[in-house]
Amino acid sequence: SARPSSSRVGRTKISGILLGGMITQFIAVATVAIMVCFPVPVMTDPMLGSRVHLLRWCEWVPLAGYMTLMTECIDAPQYDGTRLTHPWGKQFFVSGMESVSTFCGMLFPFCTTPVAWSLALLFSCVTYSAIIFRYFEKRTLFRRCVWRGGGGVFYSPPPN
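Residues numbered from 1 in each chain as written. Predicted model: local features only at pLDDT ≥ 70, side-chain atom pairs only at ≥ 80, totals over all residues. Heavy atoms only, no water.

## Regarding the packing of helix α1 (residues 16-37) against helix α2 (residues 54-73)
Now for step 1: The interhelical angle for the contact between α1 and α2, taken along N-to-C directions, is 170°, at an axis separation of 11 Å. Regarding the angle of α1 to α2, the classification is roughly antiparallel. On α2, the residues touching I17, G20, G21, T24, I27, A28, T31, V32, I34 and M35 of α1 are L55, R56, E59, L63, Y66, M67 and M70.
Now for step 2: When the residues that make up the contact of α1 with α2 are grouped by side-chain class, the tally is eleven nonpolar, four polar and two charged. (Axes fitted to C-alpha atoms, helices over the stretch in contact; angles between N-to-C directions. Helix = DSSP H or I, 4+ residues; strand = E, 2+ residues; numbered from the N terminus. Parallel < 35°, antiparallel > 145°, perpendicular 65-115°, else oblique. Contact = heavy atoms within 4.5 Å. Nonpolar A, V, L, I, M, F, W, Y, C, P; charged D, E, K, R; others polar.)

## Notes on α2
Now for step 1: Taking 1.5 Å of rise per residue, 20 residues should cover 28 Å, and α2 covers 29 Å from first to last C-alpha, within 8% of that figure.
Now for step 2: Within α2, the axis deviates most sharply at L63, by approximately 30°.
Now for step 3: All of the buried residues in α2 are L54, E59, V61, L63, G65, T68, L69, M70 and E72.
Now for step 4: Looking at the packing, one finds that the buried side of α2 touches α1, β3 (42-44), β4 (51-53), α3 (88-107) and α4 (114-143). (Expected span 1.5 Å × (residues − 1). Bend = angle between axes of the 7 residues up to and from the residue. Buried < 20%, exposed > 50% of the residue type's maximum accessible area, 1.4 Å probe, protein only.)

## Considering α1
Note: α-helices contain 3.6 residues per turn, so residues at a spacing of three or four share the same orientation.
Now for step 1: Between its first and last C-alpha atoms α1 spans 31 Å; for 22 residues at 1.5 Å apiece the expected length is 32 Å, and the two agree.
Now for step 2: Burial in α1 covers these residues: G20, T24 and T31. Along α1, the residues classed as buried sweep out an arc of 45° about the axis, all on the same side. For α1, exposure combined with an orientation more than 90 degrees from the buried face picks out Q25, F26, V29, V36 and C37.
Now for step 3: Against α2 lie the buried residues of α1. (Arc of directions from axis to C-beta.)

What follows is the structure, encoded as structure tokens:
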């Protein structure tokens, strides 16, 4: 028997996207509660002189990738010329790159030399660029669609 794709809480079905959003909000609220109720590490970025709340970065690193993955997963399947597919590899890659980019931001207060700080910034920007390339790829796929009346969308392959 096939299992339903949504979770059950009591008698109410909750979609995966809604459950993921609720977990994200719970983590954010828990982080704020910890910062209010307990002493947490706060460092100073040696290059910019700004305060860095490390607990916030510990929250953002996994959530950046998770939110990117949720955004990628709500997309319709793509037509590869023969069938509809979900590009899971690309979705996980882009999500992972967002987490790595955010992790580089967490490293800034530990970079004590301008060279180390600049390398962390450069690596962060390079890994973040995965989302920009993915945007242009999705935009190209979207523009290839032929819109028909009544809400039907049909893929139009690129001209030869």
